[in-house]
Amino acid sequence: MNGSRIAAVGHYQPAKVLTNEDLAGMVDTSDEWIMSRVGIRTRHIAGPDEPVDELAAHAAAKALAAAGLAPDDIDLVLVATSTAIDRSPNMAARVAARLGIPSPAAMDLNVVCAGFTHALATADHAVRAGGAARALVIGADKMSDVTDWADRTTCVLVGDGAGAAVVEASEEAGIGPVLWGSVPEMGHAVRIEGQPARFAQEGQSVYRWATTQLPAIARRACERAGLAPEDLAGVVLHQANLRIIEPLAEKLGAVNAVVARDVAESGNTSAASIPLALSKLVEQGRISTGDPVLLFGFGGNLSYAGQVVRCP
């Protein structure tokens, strides 16, 4: 085996749905204001008894079932999250315990909104190097825990959820080379900090960076996979907001691709957004097995990571 592939995906969202009308009763906003600025209609919000690792475990269990695997088939668990309240045990170990995975390597990665694509690249590297046979890669965030619900500039954006992928060795590369990096001197543009921790961002700075700098980087990720943007069947960008997703996708030039717009229904779920949106596209049959799909995460730390994968 000289490659790795995504064998299956799964996702999970809490049952509670928060609408724009609900938010209008909490802060000075309206459905028209929210839709015109970020294109979000609804978002799912976890309850106080639904921690990050529970969201992650639900999504992971669905991915395992879709792959036809048992917990003891997994020897590496990676959880991308920036909203874990406790430092130890980490979310990966807690997910492994919930699922009954017997003795995996278990690590968390905090790269905020680009976390899942970083974790996917890490799993790909581990599998191809022989360090793992099968990995569970999960993006899970409970943004409602770090949101100031009196701040209309941020509370209208966020949602909670999780998405997961099973990565395993394959004869051909089903996960393309990653292109990743960051702009660390601009890390202040997206923050989750303080006591209690709160999400804040410099919206215009993030928008300018995402729409002017990232299209060329996303095209380079395609080049690393030996594809042109017009060869893509799907594009799953970090679901930040539609004002970023749509111009970025247009400038990328993926004219034949289905572009994920799950942000409209789910809000910005940070590290969960890419696997959540990918799993929904697969579930809905909008992309087919073997289709080339660009996954491209960006955001916190002004980090980015993208790779072309073959649809499971």
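To be clear, the structure that these remarks concern was listed above.
Quick summary incoming for the structure in this document. (Residues numbered from 1 in each chain as written. Predicted model: local features only at pLDDT ≥ 70, side-chain atom pairs only at ≥ 80, totals over all residues. Heavy atoms only, no water.)

1. Focus on the pairing of strand β9 (residues 190-193)
(1) Moving on: Here four bridges tie β9 to strand β10 (residues 198-201), and the two strands are oriented antiparallel to one another. Pairing of Ile 192 across the sheet is with Phe 199, part of β10.
(2) Moving on: Taken together, β9 and the strand that follows it, β10, pair antiparallel across an intervening segment of four residues, in which Gly 194 is found at a positive phi of about 100°. (Pairing = 2+ DSSP bridges. Helix = DSSP H or I, 4+ residues; strand = E, 2+ residues; numbered from the N terminus.)

2. Digging into the state of the cysteines
(1) Moving on: Taken as a whole, this structure holds zero disulfides when the rule is applied.
(2) Moving on: The thiol sulfur of Cys 113 is not disulfide-bonded, and the nearest other cysteine sulfur, from Cys 155, lies at 17 Å.
(3) Moving on: Residue classification places Cys 113 among the buried residues on the basis of a relative accessible area of 10%.
(4) Moving on: In this structure Cys 222 is not part of a disulfide, and its nearest cysteine sulfur, from Cys 311, lies 16 Å away. (Disulfide = S-S within 2.5 Å. Buried < 20%, exposed > 50% of the residue type's maximum accessible area, 1.4 Å probe, protein only.)

3. What to know about the sheet that holds strand β8 (residues 179-182)
(1) Moving on: A sheet is described by the order of its strands in space; here five strands give the open sequence β8-β14-β13-β11-β12, paired in mixed fashion. Strand pairing shows two members of the sheet lacking a second neighbour, β8 and β12 (258-259), which therefore form its edges.
(2) Moving on: As paired strands, strand β11 (residues 234-237) and strand β13 (residues 292-299) are joined by four bridges and run parallel to one another. In the sheet register, Leu 237 faces β13, and the bridge partner there is Phe 296.

4. Quick word on helix α5 (residues 115-128)
Helical geometry note: an α-helix holds 3.6 residues per turn, so side chains three or four residues apart project in the same direction.
(1) Moving on: The end-to-end C-alpha distance of α5 is 20 Å, a good match for the 20 Å that 14 residues give at a rise of 1.5 Å each.
(2) Moving on: The element α5 is largely enclosed, with a buried count of 11 among its 14 residues.
(3) Moving on: Inspection of α5 places Gly 115, Phe 116, Thr 117, His 118, Ala 119, Leu 120, Ala 121, Ala 123, Asp 124, Ala 126 and Val 127 among the buried residues, and these make up the whole buried set.
(4) Moving on: Two residues or fewer after α5 comes Gly 130, characterised by a positive phi angle close to 85°. (Expected span 1.5 Å × (residues − 1).)

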